[in-house]
Amino acid sequence: MKKISIAIDGPASSGKSTVAKILAKKLNYIYCDTGAMYRALTYLAIQEKVDFEDESELAELCLEHVISFKQTENEQLVFVDDTEVTQAIRQPDVTNAVSIVAKHKMVREKMVELQQKIGQAGGVVMDGRDIGTAVLPKAEVKIFLVASVSERAERRFKENQEKGITTDFDTLKQEIEHRDYLDSTRTVSPLKQADDAVKIDTTGLNIEEVVEAIEQVISTTL
Ligand code: C5P
């Protein structure tokens with residue numbers, strides 16, 4: 001069967017990576033979490049004390065270091081050079097700075113280049129903010145996942161609890177809203193539904209139902 005590209009975009013904590021991972025496993029496709037790449041760069045900027053507003057220094061970091069993924073049976077591990085940063089990039093210091101780092105044109109150019117390389121042969125499920133609009137504009141399937149901010153904050157709250165990260169619910173909700181605001185108002189490739197994307201509101205849906213809804217869309221393409 002033809003290997004297609006599936007782009008899944010949407011705001012913070014809309015369930016993109018959870019369903020993207022499941023779909024990739026079912027289809028035996030590559031899964032690419034582009035948010036993890038921006039997070040890994042932000043982690044590096046924190047480690048190397050690079051100012052989040054310093055576009056050229058940040059772009060330089062992209063050239064000096066290698067961000068990569070390693071797929072295991074159960075999870076996708078994220079590496080910066082030889083250091084595993086899977087958990088570190090989910091910590092609040094990274095989460096609260098990543099949208100500043102990700103707004104820069106030079107940073108996005110470097111990241112998009114890497115992402116396009118990963119997706120060039122098809123057979124990929126890629127999630128992010130600009131996959132359908134900028135990274136894989138020719139993707140056969142484009143999904144835009146949304147959900148109410150309360151539900152998204154609740155999901156993230158539970159996820160954090162499971163990972164042992166302590167967060168206050170209201171703060172989390174504000175942080176999600178702020179990140180969405182920054183991501184959707186930036187000049188370069190803002191978070192935006194592609195004209196040809198199918199919007200799915202996941203409020204009140206469980207993971208299986210979201211996966212099913214996306215599979216319906218895929219089945220009309222294959
Ligand atoms: O998907 P996740 O919430 O982990 O993404 C973290 C951040 O990375 C987003 O809030 C956004 O600032 C940035 N991002 C982006 N473009 C993407 C994926 C993520 O700007 N394609």
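Structure shown above.
Report on the accompanying structure. The structure displayed is predicted, hence computed values, not measured ones.

### Some details on the nonpolar core
Within the largest apolar cluster, 47 residues are counted, with the highest numbers of intra-cluster contacts made by Ala 7, Ile 8, Ala 40, Leu 41, Val 125 and Ile 143. In terms of residue count, helix α2 (residues 34–47) provides more of this core than any other element does, eight residues in total. Those residues in contact with Val 125 that sit more than four places away from it in its chain are Ile 6, Ile 8, Ala 20, Leu 23, Ala 24, Tyr 29 and Tyr 31.

### Section: the environment of Lys 142
Tracing the backbone through its elements, the reader meets Lys 142 in strand β7 (residues 141–146). Under the C-beta neighbour-count criterion, Lys 142 is labelled buried, with 24 such atoms within 10 Å.

### What to know about the site of the ligand
If you check the shell around the ligand, you find 14 residues, and the closest are Gly 35, Tyr 38, Ser 99, Ala 102 and Gly 128. Put simply, the parts of the chain that give the shell around the ligand at least two residues each are α2, α5 (98–101) and α9 (169–185). Ranked by residues supplied to the shell around the ligand, first place goes to α2 with four residues. Taken together, the residues of the shell around the ligand sort by class into five nonpolar, four polar and five charged.

### Notes on the pairing of strand β6 (residues 124–128)
Taken across its five residues, β6 has five buried, putting it largely inside the fold. One ladder, built from five bridges, connects strand β1 (residues 5–9) with β6; its direction is parallel. Opposite Ile 6, over in β6, you have Val 125 as the bridge partner. By the bridge criterion, four bridges tie strand β2 (residues 30–33) to β6 in an arrangement that is parallel. Bridge assignment links Ile 30 to a residue of β6, and that residue is Val 124.

### Focus: the sheet that holds strand β4 (residues 76–80)
On the basis of which strands lie adjacent, the open sheet formed by three strands has the order β3-β4-β5 and antiparallel pairing. Every other strand in the sheet has two partners, leaving β3 (67–71) and β5 (83–84) as the edge strands with one partner each. For β4 and β5, the ladder comprises two bridges, and the chain directions are antiparallel. Directly across from Phe 79, in β5, lies its bridge partner Glu 84. Against the sheet, α2 contacts β3 and β4, and its axis sits at roughly 35° relative to β4.

### Let's talk about the sheet that holds β1
Two pairing modes exist for strands in a sheet, parallel and antiparallel, and in both the strands are linked by backbone hydrogen bonds. Taken in spatial order, the five strands of this open sheet run β2-β6-β1-β7-β8, and their pairing is parallel. Lying at the two open borders of the sheet, with one neighbouring strand each, are β2 and β8 (198–201). Put simply, the sheet's adjacent strands are angled 20° from each other on average, direction ignored. Packing against the sheet, helix α1 (residues 16–27) makes contact with β1, β2, β6 and β7, and its axis sits at approximately 175° to β6.

### Focus: the packing of helix α8 (residues 149–163) against α9
Where α8 contacts α9, the axes come no closer than 9 Å and their chain directions differ by 120°. By the angle between their axes, α8 is oblique relative to α9. When you trace α8 past α9, the crossing you get is right-handed. Across the interface between the two elements, Val 149, Ser 150, Arg 152, Ala 153, Arg 156 and Phe 157 of α8 pack against Phe 169, Leu 172, Lys 173, Ile 176 and Glu 177 of α9.

Parameters at a glance
- Residues numbered from 1 in each chain as written.
- Predicted model: local features only at pLDDT ≥ 70, side-chain atom pairs only at ≥ 80, totals over all residues.
- Core = buried A, V, L, I, M, F, W, Y, C linked by C-beta atoms within 7 Å.
- Buried ≥ 20, exposed ≤ 12 C-beta atoms within 10 Å, placed from the backbone.
- Helix = DSSP H or I, 4+ residues; strand = E, 2+ residues; numbered from the N terminus.
- Contact = placed C-beta atoms within 7 Å.
- Near = placed C-beta within 6 Å.
- Nonpolar A, V, L, I, M, F, W, Y, C, P; charged D, E, K, R; others polar.
- Pairing = 2+ DSSP bridges.
- Axes fitted to C-alpha atoms, helices over the stretch in contact; angles between N-to-C directions.
- Parallel < 35°, antiparallel > 145°, perpendicular 65-115°, else oblique.
- Left-handed = near helix turned anticlockwise from the far one by under 90°.

By themselves, these are just geometric observations and shouldn't be taken as functional.
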